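Summary of the model geometry
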Amino acid sequence: MSRTMDQGSRFLCWSTVEIRRLLWIFGLAFGLVLILLRFLKLQDGNVLSSLSSTGNLAVVGNTADSIKILNHTMEGRNKGDFHGTHGGVNEYNLAHNSSRASASLSKGSPKNATNTVSISQMNELLLQSHSNRNPKMPRMFSSSDEELLRAKSEIENTPLNYNSGLYAPLYRHASEFKMSYELMDKMLRVYIYKEGEKPVFHESILEGIYASEGWFLKLLESNKKFVTTDPAKAHLFYIPFSSRQLELTLYVPHSHSRDNLIEFMKNYVEMLIQKHPFWNRTNGEDHFLAACHDWAPAETRGRMLSCIRALCNADIRAGFVLGKDVSLPTVNVRSAKNPLNDIGGVPSLKRPILAFFAGYMHGNVRPTLLEHWGNDSDMRILGRIPHVKGDRNYTTYMKSSKYCICARGYAVHSPRVVESIFFDCVPVIISDNYVPPFFEILEWESFAVFVLEREIPDLKKILMSIPEEKYVEMQKGVKEVQRHFLWHVEPVKYDMFHMILHSIWYNRIFRI
């Protein structure tokens, strides 16, 4: 009897140990299943899901179809060496599709065609950002947020017969843009942080190829209409730093390291967060910055990813987020006193050169361009032209050419895009993954040609295949769009200053 009980006790003891062991194994297996489900969730079946595994981008329809879908949706309902998977993604949930494209596209060689996002695909990404976003509501809803929601409703419900008075082919939706611009002009208020020491903060460089950030900073800080000193009334918060000044001040020559620049901006933002309550209300989504240096995407990592970043280096493979970030035009300002010097061109019949490019052989694209077309009699594809006063040789070539080649160097952006527009020359953009300025508003394919880098051997065939009447229409578009790319000492309606501010305002409205 006692022996039987002892055996039963040992059996009961053994069963308890085994049960505990089985429970531990079951818990481990359950945790692994949860991790697997989380991974599969990241690979969902939307238009960009295949990017994560294959690097390819699924596209619905061609460019024209994308535009039609986008316009119909609007009428009916209405972004260095940074990689999108680096620090900051945990702090900021990049919920919509273009951010996930940035993360996936950042992996792999830029020479790999499967990692290239064409202009047609960018149209699809923009459409997705408008129709499939998952914005976070502010922790404390303010009267400024309510004003933005009312403005959003008015923009979405703009009458189709609303008279914009604009040259409609330039815009994705001219009437909607006009309504949005007028609402911005009437109600937008911006708070500018006072913190930050010169020269990195509150100081402008107004000449050279990084001048756009300087002009914007100067004109906004001196603006009496949009700027408010009361943060409770602000719709947007401006971080007034200069990426060019940051580089000039802190970069250690020949160090090949930007770590101290990145750390400097990280510490500055952490200081703002600790000192003020504004950031935490929206996780920084109502904050913005304007930066033109090539390194700006790297300098605005981490928590700054949640801001609206107006970047000249608008590279979708370097973390630029369509629908949130703004492509800042790169303009080579030669005279701060007269930024509009030598603007204008000649009619198409007086342009005997098919296409023109000249410049340093930076990167891989320009040498390839020169190799294929340097000896072509119909084009002028050159290296660096010897400097003459006022760059008359360069300007004369641009004014004598039907098409002006805007080929990337080390980074995707180039001042040639705006220079082409200055001189009434149809831009031909050869820069994979570059998001052109004001992309959320302008219909770029109405006045510019986009050629993939791998299509350089077919460049002449592509240009020659464009009918003359189409070229004339495109040149007219270049003339009409020119006013959006001009800096004025005193800002005027629809100029560069107002267009940058509008794109920031527009993207903020459609993320709330």
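Residues numbered from 1 in each chain as written. Predicted model: local features only at pLDDT ≥ 70, side-chain atom pairs only at ≥ 80, totals over all residues. Heavy atoms only, no water.

1. A closer look at the sheet that holds strand β6 (residues 353-358)
Spatially, the five strands line up as an open sheet ordered β7-β6-β8-β9-β10, and their pairing is parallel. Both edges of this open sheet fall to β7 (379-382) and β10 (449-450), since each of them pairs with a single strand only. Of the pairings in the sheet, the one linking β6 to strand β8 (residues 401-407) comprises three bridges and is parallel in character. Paired with Ala 355 across the strands is Tyr 403, a residue of β8. Relative to β7, helix α13 (residues 365-373) is tilted by about 135 degrees, and along the sheet it contacts β6, β7, β8 and β9 (426-430). (Pairing = 2+ DSSP bridges. Helix = DSSP H or I, 4+ residues; strand = E, 2+ residues; numbered from the N terminus. Contact = heavy atoms within 4.5 Å. Axes fitted to C-alpha atoms, helices over the stretch in contact; angles between N-to-C directions.)

2. Re the pattern of salt bridges
Going through the model one piece at a time under the given rule, you end up with 18 salt bridges. Residues Lys 178 and Glu 182 are paired through a salt bridge, measuring 3.5 Å at the closest nitrogen-oxygen approach. Placement of both Lys 178 and Glu 182 in helix α7 (residues 174-187) is noted, with a separation of four residues, approximately one turn of the helix. For Glu 182, a relative accessible area of 30% translates into the label partly exposed. Glu 453 is the partner of Arg 408 in a salt bridge, and the nearest nitrogen-oxygen pair spans 3.8 Å. (Salt bridge = Lys/Arg side-chain N within 4 Å of Asp/Glu carboxyl O. Buried < 20%, exposed > 50% of the residue type's maximum accessible area, 1.4 Å probe, protein only.)

3. Observations concerning the sheet that holds strand β5 (residues 326-327)
Across the sheet, which stays open at both edges, the five strands sit in the order β1-β2-β3-β4-β5 with parallel pairing between neighbours. With one partner strand each, in any of the chains shown, β1 (190-192) and β5 form the two edges of the open sheet. Note that β1 and strand β2 (residues 236-238) share three bridges and pair parallel. Residue Ile 192 lies in a different strand from β2, and its bridge partner there is Tyr 238.

4. Details of the pairing of β8
Buried residues dominate β8, accounting for seven of its seven residues. Sheet topology note: the β8/β9 ladder contains five bridges and is parallel. Within β9, the residue paired with Ala 407 across the bridge is Ile 430. Assessed by its sense of winding, the connection that carries the chain from β8 through helix α15 (residues 416-422) to β9 is right-handed. (Right-handed = clockwise from strand over helix to strand, strands pointing away.)

5. Structural notes on the state of the cysteines
By the definition in use, this model includes two disulfides. Across a sulfur-sulfur distance of 1.9 Å, Cys 292 and Cys 312 are joined as a disulfide pair. Classification of the bridge connecting Cys 292 and Cys 312 rests on its S-S torsion, roughly -85 degrees, and on that basis the disulfide is left-handed. Placement of Cys 292 in the loop between β3 (287-291) and α12 (296-299) and of Cys 312 in the loop between β4 (308-311) and β5 is noted, with a sequence separation of 20 residues between them. The side chain of Cys 404 participates in a disulfide bridge whose partner is Cys 425; the two sulfur atoms lie 2.2 Å from each other. Taking the sign of the torsion about the S-S bond as the criterion, the disulfide between Cys 404 and Cys 425, at about 105 degrees, is right-handed. Taken together, the residues Cys 404 in strand β8 and Cys 425 in the loop between α15 and β9 connect sequence positions 21 residues apart. The class of Cys 425 is buried, set by a relative accessible area of 0%. Of note for the protein chain: the bonded cysteines, numbered N- to C-terminal, pair according to 1-2, 3-4. The closest cysteine sulfur to the non-disulfide-bonded Cys 406 is located on Cys 404, 6.8 Å from its own sulfur. Cys 406 gets classed as buried once you look at its relative accessible area, which sits at 3%. (Disulfide = S-S within 2.5 Å.)

6. Here's the deal with the packing of aromatic side chains
Going through the model one piece at a time under the given rule, you end up with 25 aromatic pairs. Both rings, one in Phe 237 and one in Phe 278, keep their centres 5.1 Å apart while their planes meet at 20 degrees; by these two values the pair is stacked. With a gap of 41 residues between them, Phe 237 in strand β2 and Phe 278 in helix α11 (residues 278-282) connect regions that are remote in the sequence. The burial state of Phe 237 is the same as that of Phe 278; both residues are buried. Taken together, Tyr 171, Phe 177, Tyr 181 and Tyr 494 form an aromatic cluster joined through their ring pairs. Seen from the ring of Phe 439, Arg 172 lies directly overhead, with NZ or CZ sitting 4.4 Å from the centre. Looking at Lys 402, its charged tip hangs above the ring of Tyr 471, at a distance of 4.7 Å from the centre. (Phe/Tyr/Trp six-rings, centres within 6.5 Å; stacked < 30°, edge-to-face > 60°. Lys NZ or Arg CZ within 6 Å of the ring centre and 35° of its normal.)

7. Examining the packing of helix α8 (residues 211-221) against helix α18 (residues 496-509)
Their axes nearest at 10 Å, the elements α8 and α18 cross at an angle of 85 degrees. On the basis of their axis angle, the class for α8 and α18 is roughly perpendicular. Taken together, the residues of α18 that come into contact with α8 (itself represented by Phe 216, Leu 219 and Leu 220) are Phe 497, Ile 500, Leu 501 and Ile 504. When grouped by side-chain class, the residues that make up the contact of α8 with α18 number seven nonpolar, no polar and no charged. (Parallel < 35°, antiparallel > 145°, perpendicular 65-115°, else oblique. Nonpolar A, V, L, I, M, F, W, Y, C, P; charged D, E, K, R; others polar.)

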